[in-house]
Amino acid sequence: MLLHIITHQPEMLATIVQRTPLWVWGLLAALLVLGANQMRQRTVGLRRLFTLPLGMAAFSIVSLAAAFGSPSAPGLAAAWVLACASLVGLGLWLRPRPPAATRYHAATRHFDLPGSAVPLLLIVALFFTRYAVNVELALQPALAREAGFALQVSALYGAFSGLFALRAARLWRLARSTHPVPAPTH
């Protein structure tokens, strides 16, 4: 129905946006800041490496639960996990290494990461996917009970989580393959 509105009644989009709760736009602003920080070169610790993928996975799981109830509902969790794991596996197979400018310092357990717009684009895409799903469910509440729609959304959220996890998996591989350099003796 949302696609129909966009193509045939675009004036309704203004009403949809106006009726969106303010906290949603605050969340978008916070996510934009998070994504913009990924665009600059920076140094991150091994633990912090997993913050973004875990946070975005939690966001997608909460989104799934909010839209369709428990993510353990038959098939939903399986679709999410399958999409996530498939993208990580395929991505590691196609491109097993992080960007060439990435460096891991084993002694300090820190990464030097080049800036990238990809995390920002993924964050925005995930946000607007959730927004579109919620609008669609508000316009057609019966969709929440349609297994096919729920499975598609679950797989899509899992795919987003897989893309975030893929970056962390590449960096984890780099860390595991790098041996600490012994400190010089005087």
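Look up a bit, the structure's there.
Position numbers for residues count from 1 along each chain, tracking the sequence in the order it is written. Only residues with pLDDT of at least 70 are given local features in this predicted model, and only at 80 or more are side-chain atom pairs given and counted; all residues enter the totals for whole chains, interfaces and linings. Values reported for side chains reflect all heavy atoms of the structure, with hydrogen atoms and water molecules removed beforehand.

A. Just helix α5 (residues 76-94), in detail. Going along the chain from the N terminus, every DSSP run of H or I of four or more residues is numbered as a helix, and every run of E of two or more is numbered as a strand. By this rule the span expected of a helix is its residue count minus one, scaled by 1.5 Å. For α5, spanning 19 residues, the distance from its first C-alpha to its last is 27 Å, which sits close to the expected 27 Å at 1.5 Å a residue. Categorising residues by exposure relies on relative accessible area from a 1.4 Å probe, with only protein chains included: less than 20% of the type maximum marks a residue as buried, more than 50% marks it as exposed, and the intermediate range marks it as partly exposed. For α5, the set of buried residues is Leu76, Ala79, Trp80, Ala83, Cys84, Val88, Gly91 and Leu92. In this structure, the buried side of α5 is in contact with α4 (51-68) and α7 (147-177). Contact definition: two residues touch when any of their heavy atoms are within 4.5 Å.

B. Local environment of the side chain of Arg42. Turning to its location among the elements, Arg42 is positioned in strand β1 (residues 42-45). The sign given to each residue is positive for Lys and Arg and negative for Asp and Glu; His and the chain ends receive no count. One speaks of a salt bridge when a side-chain nitrogen belonging to Lys or Arg is within 4 Å of a carboxyl oxygen belonging to Asp or Glu. Of the side chains with opposite charge, Asp112 lies nearest to the buried Arg42, which makes no salt bridge, at 9.9 Å. Counted as a polar contact is a pair of N or O atoms within 3.5 Å, where, for protein atoms, one must be capable of donating a hydrogen and the other of accepting one, and residues adjacent in sequence contribute only when both atoms are in side chains. A distance of 3.1 Å separates a polar atom in the side chain of Arg42 from the backbone oxygen of Arg40. Apart from the residues within four sequence positions on either side, Arg42 is in contact with Asn37, Phe111, Asp112, Leu113, Pro114 and Arg167.

C. Seen up close, the environment of Leu22. Note that Leu22 resides in helix α3 (residues 22-37). With 17 residues separating them in the primary sequence, Leu22 and Met39 have C-alpha atoms 26 Å apart.

D. Summary view of the layout of surface pockets. Using only the protein atoms, space was sampled on a 1 Å grid; points where a 1.4 Å probe fits but cannot get out form cavities, open sets with protein on both sides within 12 Å along at least five of seven lines form pockets, and lining residues are those with an atom within 4 Å of a point. Grid points are joined across faces, edges and corners, and a volume is the space filled by probe spheres set on the points. A volume near 360 Å³ is recorded for the largest pocket. In this structure, the largest pocket is lined by 16 residues; those nearest its centre are Thr20, Pro21, Tyr131, Asn134 and Val135. The biggest single contributor to the lining of the largest pocket is helix α6 (residues 118-139), with 7 residues. Gly counts as polar in this scheme, as do all residues outside two lists: the nonpolar Ala, Val, Leu, Ile, Met, Phe, Trp, Tyr, Cys and Pro, and the charged Asp, Glu, Lys and Arg. For the lining of the largest pocket, the per-class residue count stands at 11 nonpolar, 3 polar and 2 charged.

E. Region of interest: the sheet that holds strand β3 (residues 110-113). Strands were regarded as paired on the criterion that DSSP finds at least two bridges between them. Spatial ordering of the open sheet is given by β1-β3-β2, a layout of 3 strands whose pairing is antiparallel. Across the chains shown, the open sheet's two edge strands, defined by having one partner strand only, are β1 and β2 (103-105). In this sheet, neighbouring strand axes are inclined to one another by 25° on average, regardless of whether the strands run parallel or antiparallel. Sheet strands in contact with α7 are β1, β2 and β3, and its direction is about 125° off that of β3. What counts as an axis is a line fitted to C-alpha atoms, over the stretch in contact for a helix, and the angles between N-to-C directions run from 0 to 180 degrees.

F. Structural view of the packing of α5 against α7. Here α5 crosses α7 at 35°, and the two axes come no closer than 6 Å. Note on packing geometry: the crossing formed by α5 with α7 is right-handed. Here the residues of the contact of α5 with α7 sort into 17 nonpolar, 5 polar and 2 charged. In this scheme the handedness of a crossing depends on how the near helix is turned from the far one: anticlockwise by less than a right angle means left-handed, clockwise means right-handed.

G. Looking closely at the packing of aromatic side chains. Stacked, tilted and edge-to-face are the three classes assigned to paired rings of Phe, Tyr and Trp, where Trp is represented by its six-membered ring and a pair needs centres within 6.5 Å; plane angles under 30 degrees give stacked, over 60 edge-to-face, the rest tilted. What the rule picks out here adds up to 7 aromatic pairs. Look at Phe68 and Phe149: their rings are 5.9 Å apart centre to centre, the planes differ by 70°, and that puts the pair in the edge-to-face class. Of this pair, Phe68 sits in helix α4 while Phe149 sits in helix α7; the two residues are 81 residues apart in sequence, bridging distant segments of the chain. Across this residue pair, the class does not change: Phe68 and Phe149 are buried. Between Phe127 and Phe128 the ring centres are 5.0 Å apart and the planes differ by 90°, which places this aromatic pair in the edge-to-face class. Through a chain of ring-to-ring contacts, three or more aromatic side chains come together here, namely Trp25, Phe127, Phe128 and Tyr131.

Distances and angles like these do not, on their own, reveal function.
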